Amino acid sequence: MPASAADVPAKYKGEPWANLGVDVDHDFEALYVVHSDKRQQVSKLKSLLKDADELLLATDEDREGEAIAWHLLEELKPKVPTRRMVFHEITPEAISRAIDTPRELDQGLVDAYQARRVLDRLYGYEVSPVLWKKVMPKLSAGRVQSVATRLVVDRERERIAFRGASYWDLEAEFATRKENDTDSPGTFTATLVTVDGRRVAQGRDFSSTGGLKGTDVLHLDGEAAAALASRLEAADFAVASVERKPYRRSPYAPFRTTTLQQEASRKLGFSAKITMSVAQKLYEKGYITYMRTDSVTLSQTAITAARKQARELYGDAYVPDAPRVYASKVKNAQEAHEAIRPAGDSFRTPAQVAREKLTRDESRLYELIWQRTVASQMKDATGESVSVRVAGISTQHERAEFGASGKIINFYGFLKAYVEDADDPDTDREDRERRLPPLAENDPLNVLRLGPLEHSTRPPARYTEASLIKELEDREIGRPSTYATIIGTILDRGYVFKKGTALVPSYKAFAVTTLLEQHFGQLVDYEFTAHMEDVLDDIARGEAERVPWLRRFYFGAPDSADGSAADPSDPGLKSLVSDISDIDAKAVSSFPLDGTDIVVRVGRYGPYLERDGQRVNVPEDMAPDELTLEKAEELFSQPSGEVVLGTDPETGRTLIAKGGRFGPYVTEVLEEGDNNKPRTGSLLKSMALDTVTLDDAVKLLSLPRTIGELDGEPVTVQNGRYGPYVKKGTDSRSLESEEQMFTVTLAEAKELFAQPKLRGRAARAEVPPLRALGADPASGKPMVIKDGRFGPYVTDGETNASLRKDDEVATITDERAAELLADRRAAAPTAKRRTSTTKTASTRTANPRKKPGTAARSASKRS
């Protein structure tokens, strides 16, 4: 669809819907154009088709792949027999089967794709301009993007509203008195559970505001806990009860798209985008099956291969008699697809793959997929879980009970091959045992240690990429194949940034979410967004019509008998965006700091605090829940207005330092009536507004300074947008440091001009690195941090990746640097696009209900 007005062909430029790209008055027909940089490829395909006796459409097997096949069919207009191939792995056997068993194009999938594409276009093109007018330019809204942002914002709101609570219990270490001939330990640790039958309060008993949820629990403070511990010092303790239960854990289902993204994030530290990029390469190279799937089903050949490999590696005892069959728990899952698994009828082991030409990331992801697939066909892990209660009587006749739990794994089963990680780092791994001594009821125990222990409730954890993907899937919002793109979008748009692995919303996200909630509530409603997915799946199955549903979404539900008026309770998108006069731009971008007269506002150049007319910027990397009253006062106390430095000894003018739109700078104060332009100079990187001196200001205002003449041209030293340099006429040479601006001599400048001028990569290579790191796991080359035109970046000599706002040069780790490089490699290079306004044969409007031959679109990223 046209990306800009320049892409709209002349034939349609006069149409009122041309820029929208959808003719909303004629069955929501979409306008498609072939990208100018793809026309040569389309011409090549047409040329090749002239000499062909058959056309095979071999695009991906998902909804988008079906749409690409349809678009190609419409664009190429073949006169030879055409067949649709479907395969989920690129192996000779799979391709042969696909050729032998072709099918027809699935028009239901095409209709569903069209509905989704038009819906997203209407949403983005109609709502985004509202954000430009009421919040700030260059913002975007999207059907899933905006809801994902709201989830992150809602979690931060919970953290802001959170009030911690402190609670205490007792912890004791007990030892058995009888002989222990087993491998079990002779001691164990237990915590206080009840006092006189009354349960001791734990973290789950407190609300998010710090209050107890009920009155039936005993809330111990530090003083009460210490006193109880003192009263129990001389108590005799014995085992009150021992409860044993069988432990059984079944294997995890094979990977689907979202579980692969989650586990790759937890185990390998991959972002969702990197996971999908690496998986795409593994698929294209024939190592794994198709990676965009919501199915956990394995083919019979895959089950046989997994069972065979498990038997060879672990023995017959680890393979169940009957194959395991998994059913998807995901609503509307496409069970015709297969789970993500190693390709082929016989799996290659990670050791075999390691000897082949794969990158380190590809090998690691393949091993993860292989482990999960083999483990899915292995036996359950079995053992025993034990729960023990220990009782003692205090000096005041209080009965105190302590509890401890243990787990013994007698048979590891599938855990030999694979253990899933958890989002909470404090959670025990499934294969970890917690052994207790052999205990029986009434066994006497010795107390080795007993004392009070303080705990505090914690705010809800921020989302990580893995947990946000899980939340979106649990709420049935969006599709698995889009999650990586969605998370990438909200990061790139600045709605969310990362602190470690946590996703933190910016104040810009707060403003956008507030506006959408207040004025487009239905569009960011979780249930409504999930319902839209249901309707799109209904369309794919032929159970719903595309056009009536789009008409209701855009124009609203009809209220009158003839359908001419919209129902006020369901006005439709067009009505909502037509009148936005009631949206208070200042209100949606203002957030009072709780309990103060300070307001956080979102301005065009970032967030700032305001109180009694005083303003101060909020650091862009500050998480909203970190902005407390104390932090706000600290920001207000920092110098941000004019700082008088003194009098310039040469001019007699007052010199001041102040903060500006592009950073702090020094300038001179002119007398009234002086129409000269005041001199200004930006502070150097080594300077700060609260430490800059009069001498610093005099040096800065001396720039540009003339140091002599060469070849009849004056030579000046200047500080430019991209750093310090010397200039002679139109020729210039960069200086290595800012301090050189005040020390470089004419002779040194002459030497610089005698050297050939370096450009691009060569110029950047000459600049010494800010910091050296280890070797990049993917390329094997050393990584360094350099200072570039647009800020610091990491490079291995081949790939450059800018540091993000939460990355610090001094503290960035090798792993984080490697992740940035991998992320940069994963991003496809953007080709320069030329647009044409002339009418071409590659431009059409499309109605998918018509017969093939009436519409087309450009091949997408995967065609």
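Residues numbered from 1 in each chain as written. Predicted model: local features only at pLDDT ≥ 70, side-chain atom pairs only at ≥ 80, totals over all residues. Heavy atoms only, no water.

> What exactly am I supposed to notice about the overall build of the protein chain here?
Looking only at helices and strands, the protein chain features 23 helices and 30 strands. Projected onto its principal axes, the C-alpha positions of the protein chain cover 100 × 85 × 70 Å. The contacts in the protein chain between residues at least 6 apart in sequence include a share of 67% that link residues at least 24 apart. Total accessible area on the protein chain is roughly 42800 Å²; 48% of this is exposed by carbon and sulfur atoms. (Helix = DSSP H or I, 4+ residues; strand = E, 2+ residues; numbered from the N terminus. Contact = heavy atoms within 4.5 Å. Areas by Shrake-Rupley, 256 points an atom, 1.4 Å probe, with all protein chains shown as cover.)

> Just to check I follow, could you spell out the sheet that holds strand 21 (residues 680-682) for this structure?
Backbone hydrogen bonds are what pair the strands of a sheet, in a parallel or an antiparallel way. Strand order in this open sheet of four strands is 18-19-20-21, and the pairing throughout is antiparallel. Here the strands that pair on one side only, and so sit at the sheet edges, are strand 18 (643-647) and strand 21. Looking at each pair of strands side by side, their axes are set apart by 25° on average, direction ignored. Sheet analysis places strand 19 (residues 654-658) next to strand 20 (residues 665-669), joined by five bridges and oriented antiparallel. Residue pairing across strands places Ile656 opposite Thr667, the latter belonging to strand 20. (Pairing = 2+ DSSP bridges. Axes fitted to C-alpha atoms, helices over the stretch in contact; angles between N-to-C directions.)

> How do you make sense of the side chain of Thr529 when you look at a structure like this?
Inspection of the secondary structure puts Thr529 in helix 15 (residues 526-540). For Thr529, a relative accessible area of 0% gives the class buried. For Thr529, the side chain forms a polar contact with the main-chain oxygen of Asp525, separated by 2.8 Å. (Buried < 20%, exposed > 50% of the residue type's maximum accessible area, 1.4 Å probe, protein only. Polar contact = N/O pair within 3.5 Å; in protein donor to acceptor, adjacent residues only side chain to side chain.)

> Quick question: what am I supposed to make of the packing of aromatic side chains here?
Between two aromatic rings, the relevant description is the distance of the centres plus the angle of the planes. Evaluation of the coordinates by the stated rule reveals 20 aromatic pairs. Each ring, one from Tyr12 and one from Trp17, has its centre 5.8 Å from the other, and the planes form 50°; the classification is tilted. Both residues of the pair, Tyr12 and Trp17, belong to the buried class. An aromatic cluster of three or more residues is present, and its members are Phe174, Phe188, Phe237 and Phe402. Its end group placed over the ring of Tyr418, Lys267 keeps NZ or CZ at 5.2 Å from the ring centre. (Phe/Tyr/Trp six-rings, centres within 6.5 Å; stacked < 30°, edge-to-face > 60°. Lys NZ or Arg CZ within 6 Å of the ring centre and 35° of its normal.)

> Looking at this model, I keep getting lost on the nonpolar core. Mind explaining?
The nonpolar side chains of a soluble globular protein tend to be buried with one another. Residues Ile288, Leu365, Leu609 and Leu627 are the most contacted members of the largest nonpolar core, which totals 134 residues. Looking at which element gives the most residues to this core, the answer is helix 4 (residues 107-134), with 11 residues. Ignoring any residue separated from it by four or fewer positions in sequence, one finds Leu365 in contact with Leu260, Ala264, Leu268, Phe270, Thr275, Val278, Ala279 and Leu282. One finds Phe188, Ala190, Ala235 and Leu436 within the second-largest nonpolar core, a separate group that totals 27 residues. (Core = buried A, V, L, I, M, F, W, Y, C linked by side-chain atoms within 4.5 Å.)

> What am I meant to see in the packing of helix 1 (residues 39-50) against helix 2 (residues 63-76) here?
What describes two packed helices is the angle between their axes and the distance between those same axes. Two elements in contact, helix 1 and helix 2, have axes separated by 10 Å at closest approach and are oriented at 70°. The pairing of helix 1 with helix 2 is recorded here as roughly perpendicular in orientation. For the element pair helix 1 and helix 2, the recorded crossing hand is right-handed. In contact with Val42, Leu45, Lys46 and Leu49 of helix 1, helix 2 contributes Leu72, Glu75 and Leu76. By residue class, the composition of the contact of helix 1 with helix 2 is five nonpolar, no polar and two charged. (Parallel < 35°, antiparallel > 145°, perpendicular 65-115°, else oblique. Left-handed = near helix turned anticlockwise from the far one by under 90°. Nonpolar A, V, L, I, M, F, W, Y, C, P; charged D, E, K, R; others polar.)

> Help me understand the pattern of salt bridges in this model?
Once their charged atoms are close, side chains differing in charge can pair, the charge on each being opposite to the other. This structure, assessed with the given rule, holds 65 salt bridges. The salt bridge partner of Asp537 is Arg479, with a shortest N-O separation of 3.3 Å. Placement of Asp537 in helix 15 and of Arg479 in the loop between helix 12 (465-474) and helix 13 (483-492) is noted, with a sequence separation of 58 residues between them. The network of salt bridges with common partners includes Arg63, Asp294, Arg479 and Asp537. (Salt bridge = Lys/Arg side-chain N within 4 Å of Asp/Glu carboxyl O.)

> It is not clear to me how helix 12 should be interpreted in this structure. Could you clarify?
Turn by turn, an α-helix covers 3.6 residues, leaving residues three or four places apart pointing in a common direction. The buried count for helix 12 comes to seven of 10 residues, which makes it a mostly enclosed element. Every buried residue belonging to helix 12 is among Glu465, Ala466, Ser467, Leu468, Ile469, Leu472 and Glu473, and all of these are buried. In the stretch just after helix 12, Glu476 is the one whose phi turns positive, near 60°.

> Looking at this structure, how should I read the packing of helix 8 (residues 272-284) against helix 13?
Contact geometry for helix 8 and helix 13: axes closest at 8 Å, N-to-C directions at 135°. Put simply, helix 8 runs oblique to helix 13. Of the two elements, helix 8 crosses helix 13, and the hand of that crossing is left-handed. In this structure, helix 8 uses Ala272, Lys273 and Met276 to contact helix 13, whose residues at the interface are Ala484, Gly488 and Asp492. Split by residue class, the contact of helix 8 with helix 13 holds three nonpolar, one polar and two charged.

> I would appreciate a short explanation of the pairing of strand 6 (residues 187-195) in the present structure.
A regular strand places its side chains so that they alternate between the two faces of the sheet. Here strand 5 (residues 166-176) pairs with strand 6 via five bridges, running antiparallel. Within strand 6, the position partnered with Phe174 by the bridge is Phe188. Of the pairings in the sheet, the one linking strand 6 to strand 7 (residues 198-199) comprises two bridges and is antiparallel in character. Paired with Thr194 across the two strands is Arg199, which belongs to strand 7. Hairpin connection of strand 6 to strand 7: two residues between the antiparallel strands, including Asp196 at a positive phi of 55°.

> Is there a simple way to think about the sheet that holds strand 17 (residues 614-617) in this case?
Taken in spatial order, the four strands make up an open sheet running 14-15-16-17, and their pairing is antiparallel. What marks the edges here is a single partner per strand, and that holds for strand 14 (590-592) and strand 17. Neighbour-to-neighbour, the strand axes of the sheet open up by a mean angle of 25°, direction not taken into account. Where strand 15 (residues 599-603) lies against strand 16 (residues 606-611), five bridges are found, and the strand directions are antiparallel.

> Before we go on, may I ask you to explain the confidence of the model for the protein chain in this structure?
Close inspection of predicted coordinates is inappropriate for parts of the model with low pLDDT. Per-residue pLDDT for the protein chain averages 86, and the proportion of residues at 70 or more is 90%. Confidence over residues 830-843 falls short of pLDDT 50; this stretch has 30 contacts with residues more than four positions distant or in other chains. Contacts for the low-pLDDT stretch residues 848-863, under 50 throughout, to residues beyond four places or in other chains number 49 contacts. (pLDDT = per-residue confidence, 0-100.)

> What's the story with unusual backbone geometry in this structure? I'm lost.
For residues other than glycine, phi is negative in most cases, and the peptide bonds are mostly trans. Cis rather than trans, the peptide bond between Leu703 and Pro704 has omega equal to -10°. Mapped onto the elements, Pro704 comes out in the loop between helix 20 (694-701) and strand 22 (705-710). Of note, the phi angle at Asp27 is positive, near 55°, even though the residue is not glycine. Summarising the element assignment, Asp27 is placed in the loop between strand 1 (22-23) and strand 2 (29-33). The phi angle at Asp196 is positive, at roughly 55°, despite the residue not being glycine. Its location among the elements puts Asp196 in the loop between strand 6 and strand 7.

> How should I be thinking about helix 9 (residues 300-314) in this particular structure?
Helix length check: helix 9 (15 residues) gives 21 Å between terminal C-alpha atoms against 21 Å at 1.5 Å per residue, within 8%. Buried within helix 9 we find Ala302, Ile303, Ala305, Ala306, Arg307, Gln309 and Ala310. Buried residues in helix 9 make contact with helix 11 (360-375). Looking one or two residues past helix 9, Gly315 carries a phi angle of roughly 105°, positive in sign. (Expected span 1.5 Å × (residues − 1).)

> When you look at the pairing of strand 13 (residues 502-505) in this model, what are you seeing that I'm missing?
Both faces of strand 13 are covered, namely the face carrying Ala502 and Val504 and the face carrying Leu503 and Pro505. In this structure, the hairpin formed by strand 12 (residues 496-499) and strand 13 is closed by a connection of two residues, where Gly500 is found at a positive phi of approximately 70°.

> What is the right way to look at the environment of Asn719 in this model?
Tracing the backbone shows Asn719 in strand 23 (residues 713-720). For the pair formed by Asn719 and Leu703, sequence separation is 16 residues and the distance between their alpha carbons is 7.4 Å. The contacts of Asn719, once residues within four sequence positions are left out, are Leu684, Leu703, Pro724, Tyr725 and Met741.

> I'm lost on the environment of Ala201 in this one. Help?
Mapped onto the secondary structure, Ala201 falls in the loop between strand 7 and helix 6 (222-231). A residue is classified by how much of its surface remains accessible, and Ala201, at 1% relative accessible area, is buried.

> Explain the environment of Thr743 here, please?
Structurally, the position occupied by Thr743 is in the loop between strand 25 (731-734) and helix 21 (746-754). Sequence-wise, Thr743 and Ile707 are 36 residues apart; in three dimensions their C-alpha atoms are separated by 10.0 Å. When near neighbours in sequence (up to four residues on either side) are disregarded, Thr743 contacts Arg705 and Glu748.

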